[in-house]
Amino acid sequence: MKFSFDKKKMTDVLARIQGLTSRKTNLSITSDILVHATGNSISITANDLETVFHGTYDAHVESEGILSIHSRKFFEIIKEYPDEDVLINEVENRWVEIGKGDSLFHIVSSDYENFPETPQITDVPFVEIKAAELKKMVDVSSVVGFSGEEKRIYVLGSLLEKVEREECLFLRIVSTDSRRLHCYDAPYEGDLVLPNESIIIPKKGLSELGKFISLNDDTLKIGIKDNHFIVQKENESMMIKLLEGEYPDYKPVINFESMVPIEMDKTLFSTVLKRVSILTSEDYKSVIFNFNENELLVTITNPEIGESKEKVMIGYTGEEVKTAFNPKYFVDALGVIDKENISMYIKDSKSPCIIKPYDNDQLICVIMAMHIS
Amino acid sequence: MILHLDMDAFFAAIEQRDNPALRGKPIAVGGTSDRSVVSTASYEARKYGIHSAMPMFQAKKKCPDLIIVPGHRTKYSDASRQIMAILNEYSPLVEPVSIDEAYMDISGCSRLFGTHLEMAHAIKKRIKDQQHLTCSIGIAPLKYMAKIASDIQKPDGITIIKKEQAQAFAMALDIKKIPGVGKRALSQLQRLNIHTLGDIHRYEAEHIVSKFGKFGLRLVELANGIDQSRVESRHIRKSISKEVTLSHDTTDPKYIREVMLSLSQSVGRTLRRKKMVCANVFIKLKFSDFSQITRTHKLNLPVCSSKSIYDEAVRLFENVTLKKRVRLIGVGVSSLQDESVPVQMELLGNGQTRHKQWERVDEAVDMIMDKFGSDLVKKATLNPSIKE
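As the structure is a computational prediction, the values presented were derived from the model and not from experiment.

Thoughts on the overall build of chain A
In terms of regular secondary structure, chain A is built from eight helices and 26 strands. For chain A, the proportion of its 373 residues judged to be buried stands at 53%. Surface summary for chain A: the accessible area is close to 17,900 Å², and the carbon and sulfur share equals 47%.

Considering the overall build of chain B
When its secondary structure is counted, chain B shows 13 helices and 13 strands. Among the 388 residues that make up chain B, the fraction classed as buried is 44%. Pairs at least 24 residues apart make up 63% of the contacts formed inside chain B by residues separated by at least 6 positions. In the structure as shown, chain B presents an accessible area of about 20,500 Å², 52% of it carried by carbon and sulfur atoms.

A few points about the pattern of salt bridges
All names here are of chain A. Scanning the entire structure with this criterion turns up 45 salt bridges over all chains. Across the salt bridge formed by Lys 251 and Glu 161, the nearest N and O atoms sit 3.7 Å from each other. Residue Lys 251 is found in the loop between strand S17 (236-241) and strand S18 (260-265), and its partner Glu 161 is found in strand S11 (residues 157-165); the two are separated by 90 residues along the sequence. Exposure remark for Lys 251: the relative accessible area of 44% places this residue in the partly exposed category. Residue Glu 161 is classed as buried on the basis of its relative accessible area, which comes to 8%.

Looking at the pairing of strand S10 (residues 127-130) of chain A
All names here are of chain A. Only one face of S10 is covered, namely the one carrying Val 127 and Ile 129; the face carrying Glu 128 and Lys 130 has none of its residues buried. Inspection of the sheet shows S10 paired to strand S15 (residues 219-225) by four bridges, in the antiparallel sense. Within the sheet, the bridge partner assigned to Ile 129 lies in S15 and is Leu 220.

What about the interface of chain A and chain B?
Each partner contributes residues to the interface: chain A has 27 residues there, and chain B has 14 residues. Between chain A and chain B, roughly 1,700 Å² of surface is buried when both sides are summed, and carbon and sulfur atoms account for 60% of that area. The largest contributions to the chain A side of the interface with chain B come from Arg179(A), Met368(A) and His371(A), which together make up 32% of the buried area. Between chain A and chain B we count two salt bridges in total. The shortest N-O distance in the salt bridge between Glu346(B) and Arg179(A) comes to 3.8 Å. Going through the elements one at a time, strand S13 (180-187) and strand S26 (370-371) of chain A are the ones with two or more residues in the side of chain A that touches chain B. The pairing of S26(A) with strand S13 (residues 343-344) of chain B spans two bridges and is antiparallel. Residue pairing in the sheet places His371(A) in a bridge with Val343(B) of S13(B).

Quick word on the confidence of the model for chain B
Should pLDDT be low for a region, the predicted coordinates there are not to be read in detail. Put simply, chain B has an average pLDDT of 84, and 96% of its residues get 70 or more. Interface predicted TM-score (ipTM) for the complex: 0.76; the corresponding pTM is 0.69.

Brief notes about the sheet that holds strand S10 (residues 276-287) of chain B
Strand pairing in a sheet is mediated by backbone hydrogen bonds. Such pairs are either parallel or antiparallel. All names here are of chain B. The antiparallel open sheet is built from four strands, whose spatial order is S9-S12-S10-S11. The sheet is open, and its two edges are formed by strand S9 (239-250) and strand S11 (292-303), each paired on a single side. Across this sheet, the average inter-strand angle for adjacent strands is 15°, counted without regard to direction. The pairing of S10 with S11 spans eight bridges and is antiparallel. Each bridged residue has a counterpart across the sheet, and for Lys 284 the counterpart in S11 is Thr 294. Docked against the sheet, helix H11 (residues 253-273) engages S9, S10, S11 and strand S12 (326-338), running at close to 155° with respect to S9.

Focus: the sheet that holds strand S16 (residues 228-232) of chain A
Residues and elements named next belong to chain A. Judged by pairing direction, the sheet is antiparallel, and its eight strands sit side by side in the order S6-S2-S3-S4-S17-S16-S15-S10 without closing on themselves. The outermost strands of the open sheet, each flanked by one partner alone, are strand S6 (65-70) and S10. With strand direction ignored, the average angle separating the axes of adjacent strands in the sheet is 20°. Judged from the five bridges that link them, strand S4 (residues 51-58) and S17 form a sheet pairing that is antiparallel. Bridge pairing in S17 places Thr 51 opposite Ile 240.

Some thoughts on the packing of aromatic side chains
Here the structure, examined in full by the defined rule, presents 14 aromatic pairs over all chains. Measuring from centroid to centroid gives 6.2 Å for Tyr154(A) and Tyr247(A), while their planes differ by 75°, and the two rings are edge-to-face. Within this pair, whereas Tyr154(A) is found in helix H5 (residues 153-156), its partner Tyr247(A) is found in the loop between S17 and S18, the two being separated by 93 residues in sequence. Here Tyr247(A) falls in the buried class, since its relative accessible area comes to 14%. Judged by centre distance (5.3 Å) and plane angle (35°), the rings of Phe289(A) and Phe330(A) are tilted. With Phe289(A) in strand S19 (residues 287-292) and Phe330(A) in helix H8 (residues 327-336), this pair connects stretches of sequence that are 41 residues apart. Residue classification places Phe330(A) among the buried residues on the basis of a relative accessible area of 0%. The positively charged end of Arg46(B) is found above the aromatic ring belonging to Tyr43(B), 4.6 Å away from the centroid.

Let's talk about helix H1 (residues 10-18) of chain B
Residues and elements named next belong to chain B. By the criterion of burial, H1 is predominantly enclosed, with seven of the nine residues buried. For H1, the complete set of buried residues consists of Phe 10, Phe 11, Ala 12, Ala 13, Ile 14, Glu 15 and Gln 16. Buried residues along H1 sit in contact with strand S1 (2-7), strand S2 (27-30), strand S3 (38-41), helix H2 (43-46), strand S4 (67-69) and helix H4 (73-90).

Some points on a nonpolar patch on the surface
A cluster of nonpolar side chains, contributed by Val91(A), Trp95(A) and Val108(A), occupies part of the molecular surface with about 260 Å² of accessible area. According to the relative accessible area criterion, Val91(A) is partly exposed, its value standing at 41%.

Considerations on the side chain of Glu97(A)
Residues and elements named next belong to chain A. Looking at where Glu 97 falls in the secondary structure, it is placed in strand S8 (residues 95-98). Buried within the structure, Glu 97 lacks any salt-bridge partner; its nearest side chain of opposite charge belongs to Lys 2, at an N-O separation of 7.1 Å. Leaving out residues up to four positions away in the same chain, Glu 97 has contacts with Leu 87, Ile 88, Asn 89, Val 91, Leu 104, Phe 105 and His 106.

With respect to a negative patch on the surface
Where like charges cluster on the molecular surface, the negative patch consists of Asp6(A), Asp83(A), Glu84(A), Asp85(A) and Asp102(A). Among the secondary structure elements, Asp102(A) is positioned in the loop between S8 and strand S9 (105-108).

Digging into the environment of Thr196(B)
Residue and element names in this part refer to chain B. When you line up the elements, Thr 196 lands in the loop between helix H9 (183-191) and helix H10 (205-223). Thr 196 sits 24 residues away from Ala 172 along the chain, and the two C-alpha atoms are 5.6 Å apart. For Thr 196, the residues in contact, after removing those within four places along its chain, are Met 171, Ala 172, Leu 173, Asp 174 and Ile 175.

Considerations on helix H6 (residues 116-131) of chain B
All names here are of chain B. With 16 residues, H6 ought to run about 22 Å at 1.5 Å a step, and its terminal C-alpha atoms sit 22 Å apart, in line with that. Of the residues making up H6, those classed as buried are Met 119, Ala 120, Ile 123, Lys 124, Ile 127 and Gln 131. All buried residues of H6 project into a common sector of 130° when viewed along the axis, lining one side. Trailing H6 by a residue or two, His 132 shows a phi angle of about 55°, which is positive.

Calculation rules
Residues numbered from 1 in each chain as written. Chains lettered and ligands numbered in written order. Predicted model: local features only at pLDDT ≥ 70, side-chain atom pairs only at ≥ 80, totals over all residues. Heavy atoms only, no water. Helix = DSSP H or I, 4+ residues; strand = E, 2+ residues; numbered from the N terminus. Buried < 20%, exposed > 50% of the residue type's maximum accessible area, 1.4 Å probe, protein only. Areas by Shrake-Rupley, 256 points an atom, 1.4 Å probe, with all protein chains shown as cover. Contact = heavy atoms within 4.5 Å. Salt bridge = Lys/Arg side-chain N within 4 Å of Asp/Glu carboxyl O. Pairing = 2+ DSSP bridges. Buried area = accessible area lost by both parts, 1.4 Å probe. pLDDT = per-residue confidence, 0-100. Axes fitted to C-alpha atoms, helices over the stretch in contact; angles between N-to-C directions. Phe/Tyr/Trp six-rings, centres within 6.5 Å; stacked < 30°, edge-to-face > 60°. Lys NZ or Arg CZ within 6 Å of the ring centre and 35° of its normal. Patch = residues over 30% accessible without salt bridge, like charges linked within 9 Å, V, L, I, M, F, W, Y side chains within 5 Å. Lys, Arg positive; Asp, Glu negative; His and termini not counted. Charge placed at Lys NZ, Arg CZ, Asp CG, Glu CD. Expected span 1.5 Å × (residues − 1). Arc of directions from axis to C-beta.

Below you can see the structure in the form of structure tokens.
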């Protein structure tokens, strides 16, 4: 096979899939990409056995063929290549020549027969969603991560389901690490078909999806079929294999009806949190929130470093509530709220705190308190 | 400058001190059964090749005249406390490492106590006068080196490595004397033809680090005359554990679980008495051939109930495939923190309530045991009278 392509365009594509091909799997070939040259285009496939990326791009193909080549090395060579047009030529016996003239690479490729098969999914019932909305779903959920040793399915993955609010249909994503929970409702167009009431998408795949969505896109097609979540652009697609497992009943957790609302200014609250976070450490993560009439007192005591105190005026008329939180969770939540006015809901020292934009319920962040003995 | 003090055959020396009949004779402190091990051997016994951790039957074979003396823990810890108190008079920075060993930072103490040698003599004399015990002292610019120095002239010796001698000493230092170099690391080092600390310089630092990881980095640092470790006077307890040698080797999982239950209860009680919670549970199993394994699990939430510790210990044990008979079982906890430090609660699931309920049960049981004795309330499975 022999073909050439535009360096800049290909660098962009390869950069976006480096995360996917750098993931450790049981097969070493998943650090490769599959390049298929036919007609006047090439297609690129990356597969980490859970998430599959596939894209087709214009290229000048002299002779057709398939090759499996190390993703990172290929990316680095293309990125640093001096000319705008890069020539790829399979010389013999899986040896690939990259470039021509003064700068020339000779790379050994793998047997493409060993590259994991791309699932063939057809007739996907797609619906349309705004790229910005899908990006928001990914951002809201992926800030709630998981640790390396995590085994709980509902922490490893995010829940996706259809909800109806005020006679509108939304696609809801719920993400939790069992200490906090983010929930975001995105509008979409079309008739969404889910195999079950809800599905669980691995967070790893979602973070790759975050790179897949570009700000230049207007709308994207999404669909669920054959145990995969599929996102389709004009010339690119991503398929994420769903997780199987139980998702706990999260609905009581996001219900703030019996709680006391407090209106707050996001920027002000955010700067207060950033200041108190300075004194947190690995062993002392907790910040005490003391709600009094029209006043919130935020204190932190870290025996290893020292203490700090912040007073904020708030519109609060309930009983005194003293509760402790990990401020990082608040900083994360405020980071995904775009509105300036926020509502904060509290109840007592053993209950979670809920924050959301003041004027709508599209995004809800729930943060569990810390136990003060 | 760092001073390392190591008591000479501590337990045995105390027994010989208190019983003139034992003086000058080969004695071993430890249990009397054949399954016990030597905890300390007197210098007379060491001549026969008897050392700590050697099984008692083996020791008796080596020296048929060996006198076995049962240990007196409280006596030893009393003596230890008084020795540490003496050390505290010489420097504010004293780090007791174990019952018979301590580090002291003696930098800047010379105006008060004279030269390092004078100071070492003074400390030895005080211990000799007050406790009638001898010790060995090593003084060196680095902490690890002080420990190696104290071992050079044992018993009753003083070894000082001056700043200007330190580099030469380190270069010629036998690699197996470095704390942390075990059997496996040693054979790997020997394969690289590294026999002294100075030999490390024959390789690129990156090479050593990639081969030995964190420990490799330490070796490279030591070879360059850097030792990051300091004398930590404030002793922070890092773990609580308890282990027991079984009366006979076994593979019976039911019996092992019972032992674990009793160990977990003891560990849990100590943990709660210290008003702490733990986020790590580990077990240790020693087999009939004296090989041993440890297994650790990190918990999502810190716990302190015996039940939670036991559950984790059993889970760890169930993941072990028993190929040999078990000789010794240990259960322990680490990642300790004060119970008053706020603990993140779970948003979903009710595992936490269950832990909390067991903690309340333990609290009540602890109170009864504190008041009426520790053998009064116990798990039914541990009560021999209702066992079939």
